[in-house]
Amino acid sequence: MDWYSTVLELIDLRSFSNLWFWIMLAVIWSSASHWVLGVPYDLVLRARRKGGRHEEDLHDLVRINVGRLLFIGRVSGLWMTSFGCFSLSIIAVLGFFYRIEFAQAIFLIMFPLAFVGLLTLATARGIEADEVVGEELYKRLARHRVYVQLIGVIAIFVTSMWGMYQNFQISPLN
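Values in this document were obtained by computation on a predicted structure and should not be read as measured data.

Okay, the overall build of the protein next. In terms of regular secondary structure, the protein is built from six helices and two strands. For the protein, the succession of helices and strands along the chain, N to C, is α-α-β-β-α-α-α-α. Computed over C-alpha atoms, the radius of gyration of the protein comes to 20 Å, more than 25% over the 16 Å expected from 2.2 N^0.38 for 174 residues, which places it beyond the range of a compact globule. Counting only C-alpha atoms and orienting by the principal axes, one finds that the protein spans roughly 60 × 35 × 25 Å. By sequence separation, contacts in the protein at least 24 residues apart represent 70% of the contacts at least 6 residues apart. Surface exposure of the protein reaches about 11,300 Å², of which carbon and sulfur atoms provide 69%. Each charge class in the protein can be summarised by its mean position, and for the 15 positive and 14 negative side chains these summaries are 4 Å apart.

Dropping the structure here:
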């Protein structure tokens, strides 16, 4: 294989046959499951194990992020939901009706992340309403992380199945 074909393979704009797309997909879902309500999950584990100052830091970060998320949701939630649904609809039509592969890839990333956003808001509302602290807070954050990981696993599976289908449609193995 010569240098020119190697470079073209590396910057291929087709999404599902591009290594960079799959790396980005893994990074997105890894980050989504690591940052629970805007708090790094290693801080949750450290606060649970060591307590003290780590626990205070966790409670402060959760309080700040829950307040921030709920403020944004209350002030502009309707507009964000409307714009998000509009954007996802356009991307879905471009991807699956007009068969633009890049739009399909974006949709398969953004659609599950929309559910993660809704789950994050629901968890934040529950934490604020119940004024959760201590062990119950750790459990809720851990449960939220497991749900995000479950959504991520399903999303990666569906994306990989669709990507393989697309790759076989474009270049069949003969």
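Next comes the rest of the account.
This brings us to the environment of leucine 137. Within the secondary structure, leucine 137 is located in helix H6 (residues 134-170). Separated by 61 residues in the primary sequence, leucine 137 and serine 76 have C-alpha atoms spaced 27 Å apart. Each residue touching leucine 137, except ones within four places of it in the same chain, is listed here: Leu58, His59, Val62, Ile127 and Val132.

Between helix H2 (residues 19-34) and helix H5 (residues 101-130), the shortest axis-to-axis distance is 12 Å and the interhelical angle comes to 5°. On the basis of the axis angle, H2 is roughly parallel to H5. Residues Phe21, Met24, Leu25, Ile28, Trp29 and Ala32 of H2 lie in contact with H5, whose contacting residues are Ala105, Ile109, Pro112, Leu113 and Val116. In the contact of H2 with H5, the residues fall into 11 nonpolar, no polar and no charged.

The nonpolar side chains of a soluble globular protein tend to be buried, and buried together. If you look at the biggest cluster of nonpolar residues, it comprises 19 residues, and the most contacted ones within it are Leu58, Val62, Ile127 and Leu141. Within the residue set of this core, elements represented by two or more residues are helix H3 (41-50), helix H4 (53-97), H5 and H6. Element by element, the count of residues in this core is highest for H4, at five residues. Apart from the residues lying within four places of it in its own chain, the contact partners of valine 62 are Val39, Ile127, Leu137 and Leu141. Phe16, Ala32, Phe107 and Leu108 belong to the second largest nonpolar core, which has 17 residues in total.

Turning next to the environment of proline 112. By the element assignment, proline 112 lies in helix H5. We classify proline 112 as buried; its relative accessible area is 11%. With 36 residues separating them along the chain, proline 112 and valine 148 place their C-alpha atoms 9.4 Å apart. Apart from residues lying up to four places away in sequence, proline 112 is in contact with Trp29, Phe107, Ile151 and Ala155.

It is worth spelling out unusual backbone geometry at this point. Its identity is not glycine, yet arginine 99 carries a phi of approximately 60°, on the positive side. Relative to the elements of secondary structure, arginine 99 occurs in the loop between H4 and H5. Residue glutamate 131 is not a glycine yet carries a positive backbone phi of 50°. Counting through the fold element by element, glutamate 131 comes out in the loop between H5 and H6. Overall, glutamate 131 belongs to the exposed group, its relative accessible area being 66%.

What follows deals with H3. Every buried residue belonging to H3 is among Tyr41, Leu43, Val44 and Ala47, and all of these are buried. What you see down the axis of H3 is that its buried residues fit within an arc of 155°, all on one side. Exposed side chains of H3 directed beyond 90 degrees from the buried face belong to Arg49 and Lys50. Looking one or two residues past H3, glycine 51 carries a phi angle of roughly 65°, positive in sign.

The rules behind the values
Residues numbered from 1 in each chain as written. Predicted model: local features only at pLDDT ≥ 70, side-chain atom pairs only at ≥ 80, totals over all residues. Heavy atoms only, no water. Helix = DSSP H or I, 4+ residues; strand = E, 2+ residues; numbered from the N terminus. Rg over C-alpha atoms; globule rule 2.2 N^0.38 Å. Contact = heavy atoms within 4.5 Å. Areas by Shrake-Rupley, 256 points an atom, 1.4 Å probe, with all protein chains shown as cover. Lys, Arg positive; Asp, Glu negative; His and termini not counted. Charge placed at Lys NZ, Arg CZ, Asp CG, Glu CD. Axes fitted to C-alpha atoms, helices over the stretch in contact; angles between N-to-C directions. Parallel < 35°, antiparallel > 145°, perpendicular 65-115°, else oblique. Nonpolar A, V, L, I, M, F, W, Y, C, P; charged D, E, K, R; others polar. Core = buried A, V, L, I, M, F, W, Y, C linked by side-chain atoms within 4.5 Å. Buried < 20%, exposed > 50% of the residue type's maximum accessible area, 1.4 Å probe, protein only. Arc of directions from axis to C-beta.

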